[in-house]
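# Residue-level structural notes
As a plain string of letters, each chain reads:
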Amino acid sequence: MGPLIFLVMLVLILGVIVMNAYNSLVTLRNRFKNAYSQIDVQLQRRYDLIPNLVETAKGYMKHERETLEAVITARNAAMSANSRAARNPGDPQAMQQLESAEAVLTGSLDRLLVLSEAYPDLKADQNMARVMEELTSTENRVAFARQAFNDSVTVYNTKREVFPSNLIAGQFNFQTANLLEEAAPEVRVAPRVSF
């Protein structure tokens, strides 16, 4: 009778360990998905501001049509990449596509801002100043949301890799989640414009 009770207790203890590890992984995965939804909200705000910025600049920068179109094209590509990433936050391919699209968008916005320096009337325009202020505020919010997402992904990945959770993660197909990195430093360098 003693060995049978011991065996039952061992099975119960193992069951509790498995249940706790599984529930922890599910909770952490849901947290990083929620954290990505915060990035999604801020990126959408950013995407909504960009057409206002371009429309304001259009009136002043009639000779810079190519730059304005590049910003809109980059915005649309970033929105599409964000939509794919929002469907499956942490997916390596979706995160890489989003990082690349955001880098292109940031580069095209930087070019637009550098070019706008050559138009004093545009710099003085109240609409331009307001949109730029909102865009800057949104960029800060995106950075904070990205940090919260990356923190959540790191906690999830750590839990996924430690014993005994790693055994459960492998059995129940809990995949490694990718961080959302900022654009590479060389992409963030402001472009040079000469007239």
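Now for a look at the structure at hand. (Residues numbered from 1 in each chain as written. Predicted model: local features only at pLDDT ≥ 70, side-chain atom pairs only at ≥ 80, totals over all residues. Heavy atoms only, no water.)

### Description of the overall build of the protein
Our working rule: Helix numbers and strand numbers start at the N terminus; a helix is a DSSP run of H or I with at least 4 residues, a strand a run of E with at least 2. Throughout, the radius of gyration refers to the C-alpha atoms, and the reference size of a globule is 2.2 Å times the residue count to the power 0.38. Burial classes follow relative accessibility: with a 1.4 Å probe on protein chains only, a residue under 20% of its type's maximum area counts as buried, one over 50% as exposed, and anything between as partly exposed. We call two residues contacting when some pair of their heavy atoms lies within 4.5 Å. In short, Shrake-Rupley with a 1.4 Å probe defines the accessible areas, and a residue's cover is counted only from the protein chains shown. Residues counted as positive are Lys and Arg, residues counted as negative are Asp and Glu, and His and the chain ends are not counted. We put the charge of a Lys on NZ, of an Arg on CZ, of an Asp on CG and of a Glu on CD.
Of regular secondary structure, the protein possesses six helices and zero strands. What you see in the protein, going N to C, is helices and strands ordered as α-α-α-α-α-α. Against the compact-globule benchmark of 16 Å for 195 residues, the protein has a radius of gyration of 24 Å, which places it well outside the compact range. The principal-axis extent of the C-alpha atoms belonging to the protein is close to 90 × 25 × 20 Å. Here the protein, with 195 residues, has 36% of them falling under the buried criterion. Within the protein, contacts between residues at least 6 apart in sequence are counted, and of these 79% link residues at least 24 apart. Counting every atom, the protein has about 11,600 Å² of accessible surface; 56% of that belongs to carbon and sulfur. The centroid of the 20 positive side-chain charges in the protein is displaced by 6 Å from the centroid of its 21 negative side-chain charges.

### Brief notes about the packing of aromatic side chains
The criterion, for reference: Pairing of aromatic side chains requires ring centres within 6.5 Å, counting the rings of Phe and Tyr and the six-membered ring of Trp. Pairs whose planes differ by under 30 degrees are stacked, by over 60 edge-to-face, and all others tilted.
Applying the stated criterion to the full structure yields five aromatic pairs. Plain terms: the ring middles of phenylalanine 32 and tyrosine 156 are 5.0 Å apart, the flat faces sit at 55 degrees to each other, and that makes the pair tilted. Taken together, the residues phenylalanine 32 in helix α1 (residues 2-58) and tyrosine 156 in helix α5 (residues 126-161) connect sequence positions 124 residues apart. Like phenylalanine 32, the residue tyrosine 156 is buried in the burial classification. Each ring, one from tyrosine 36 and one from phenylalanine 149, has its centre 5.6 Å from the other, and the planes form 75 degrees; the classification is edge-to-face. Note that tyrosine 36 is positioned in helix α1 and phenylalanine 149 in helix α5, a separation of 113 residues in sequence. Of the two residues, tyrosine 36 and phenylalanine 149, both sit in the buried class. Connected via pairs of aromatic rings, a cluster forms that spans Phe32, Tyr36, Phe149 and Tyr156.

### A short note on unusual backbone geometry
Put simply, phenylalanine 163 and proline 164 share a cis peptide bond, and its omega is 0 degrees. Looking at where proline 164 falls in the secondary structure, it is placed in the loop between α5 and α6 (165-171). In this structure, asparagine 173 takes a positive phi of about 60 degrees despite not being glycine. Residue position: asparagine 173 is located in the segment after α6. Judged by its relative accessible area of 53%, asparagine 173 falls in the exposed class.

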